[in-house]
Structures are given as structure tokens and as C-alpha cells.
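Close look at the chain arrangement
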Amino acid sequence: SQPVLGELTASQVTPDSVQLEWSVPEGTFDSFTVQYKDAQGQPQVLPVDGGSRRVTVPGLSPSRRYKFNLYGVWGRKRLGPISTDAVTAAAKPEEEPPSEPRLGELKASQVTPDSVQLEWSVPEGTFDSFTVQYKDAQGQPQVLPVDGGSRRVTVPGLSPSHRYKFNLYGVWGRKRLGPISTDAVTGEGGSYALHCALSDVAAAEPEEEPPSQTRLGELTASQVTPDSVQLEWSVPEGTFDSFTVQYKDAQGQPQVLPVDGGSRRVTVP
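Residues numbered from 1 in each chain as written. Predicted model: local features only at pLDDT ≥ 70, side-chain atom pairs only at ≥ 80, totals over all residues. Heavy atoms only, no water.

- An unreviewed UniProt entry annotates the chain as TENX protein originating from Ibidorhyncha struthersii.

What follows is the structure, given as C-alpha cells:
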């Protein structure tokens, strides 16, 4: 018997497409055709195979009413049409450009006689890159580029006991935002009369088989600030029960700092 077309509906409407769905209450069709006129009024035909019950009509224009006619092909006969109207969605507005990023606070940390570590925050947005600007001890302008993902940088090659003003700019597209600023005074290079000796505490009575001789490696000073020095050392062989650091303070008084045997660094305050 002759197949029957049911109802045609439009679904999933976008600015440039409409999905059509239909039913076939009785029988089967060999194929279908969708006919409509484009935005220029030109007739368009979209063939669809007989097993389908939906098709997406592409290439439409936004905010426009279209009338769709669907025919069913059965042998040599064309049955229908069934019809529906649909209005395409409005064109999506261009995405708003990202809001301008914002620089937070700049502060100096880990000040040594010849370097300063700067840290900063970015409360909103992201920057493409940063630049740190300052004048060296001779008054010459210096520029240090920093990538946009960083939030800290160490400024090297400074002079001891010198006040520096650091300006940090954020680069966002073609804009340079900022600066945010901070001052820092480098540490006093070489003014510490530190005489550091690292010695092991006398071992307890030896076991029947005494352990192999323990050996101290190298002692280095790092993270020097105006009022402290961090010491680091190595133990290439064996283990120590504890360590002591001995030095003389600014008044020439001997000082002793005990350190547990598992440590390899200590800050002398």
C-alpha cells in the first residue's frame, strides 16, 4: 500500500542551520527530498535516503524565516509535501575581548650583596610578558625581560650596600601596563667577619667493628641578607651525630650554633 507522510518539525536551530525531523506512519519510501529557497530566493533541493527520519539543512543565513517542504519518493510517485517554517537563530555576537589584566603588588625577597629576588602577583587576567626596569650602580638603565607565566625573577649583577628601585611592567598585546615598584638595599658584601668551622662531635665508644671514617665535604654560604647567612655543607662519607658552627660576631665575641646530625644547612641569624 502507498506509504504515508506524517508531520515535519524543525529542531536544533542555529544561526546557519536547521535540523528537520519527520515521521512515516505507514509504509516505506525509497527516498525523500527537502525543498526550500535560500536567502537570495534561489530554490534549493536536498536529497535524503529513504531510511532517514532527520536531516540538517546547512548554509543558511542568521535571523531569517525559511519554509521547508518535504516530499517522499515511492517508485515513480512523489508524495507530499509536508511543510514547516523555521527562523534561524541570530548571529552570535563577537566574543567580548578579554578584560584587561591587572598587576598586584611587587616585593623584594632573598636580598644578597649582588642580587635581589622580586615577586609579584596578578589578581586578574594574564599577561603576555613582563619587563623589570632599574638603574645599575653607575646609573645606567637596565631592562630584564620575564615570561608571562612567571611570578618571580632574580635580578643579578648588583652592587653591595646599594639602594635600587625596581619597576615592573606587564605587557598585554600592544599595551604596557604598570609600573608597580619596590625598593631594595642589597646586603653588605664581605663585611661579616665570619670564621666558620664545622666539626664533628666526639664519637661514642667504638663498636667491635668501628664504622668507616666520616668525612666533611665543602662549606658554602648562600642566601646572604643584611642580618643573616645560610650555610650549606656536604658529607661525602659516613654520618655525624651532630655539628657545631663556630664564628665571631660583630663585637668579636665567639658564638657557637649547634646543628643536628641530619641537617646539611643552617641559617646563622
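The rest of the description comes next.
Description of the pattern of salt bridges
- Under the criterion given, the structure shown has 6 salt bridges.
- The shortest N-O distance in the salt bridge between Arg-65 and Asp-85 comes to 3.8 Å. With Arg-65 in strand β6 (residues 65–74) and Asp-85 in strand β7 (residues 77–87), the pair connects residues that are 20 residues apart, well separated along the chain.
- Close ionic contact of Glu-119 with Arg-152 constitutes a salt bridge, the shortest N to O distance being 3.7 Å. Taken as a pair, Glu-119 in strand β9 (residues 116–120) and Arg-152 in strand β12 (residues 152–155) lie far apart in primary sequence, 33 residues in all. (Salt bridge = Lys/Arg side-chain N within 4 Å of Asp/Glu carboxyl O. Helix = DSSP H or I, 4+ residues; strand = E, 2+ residues; numbered from the N terminus.)

Section: the confidence of the model for the chain
- Counting all residues, the mean pLDDT for the chain is 84, and 83% of those residues have values of 70 or more.
- Within the chain, strand β2 (residues 18–22) carries the highest mean pLDDT (97), whereas strand β15 (residues 197–200) carries the lowest (44).
- Note that residues 190–207 has pLDDT below 50 and, in this model, 30 contacts with residues that lie over four places away or in other chains. (pLDDT = per-residue confidence, 0-100. Contact = heavy atoms within 4.5 Å.)

Focus: the pairing of β7
- Pairing of β6 with β7, which is carried by 9 bridges, proceeds in the antiparallel orientation. The residue bridging Leu-70 from the neighbouring strand is Ile-82, located in β7.
- Hairpin connection of β6 to β7: 2 residues between the antiparallel strands, including Gly-75 at a positive phi of 65 degrees. (Pairing = 2+ DSSP bridges.)

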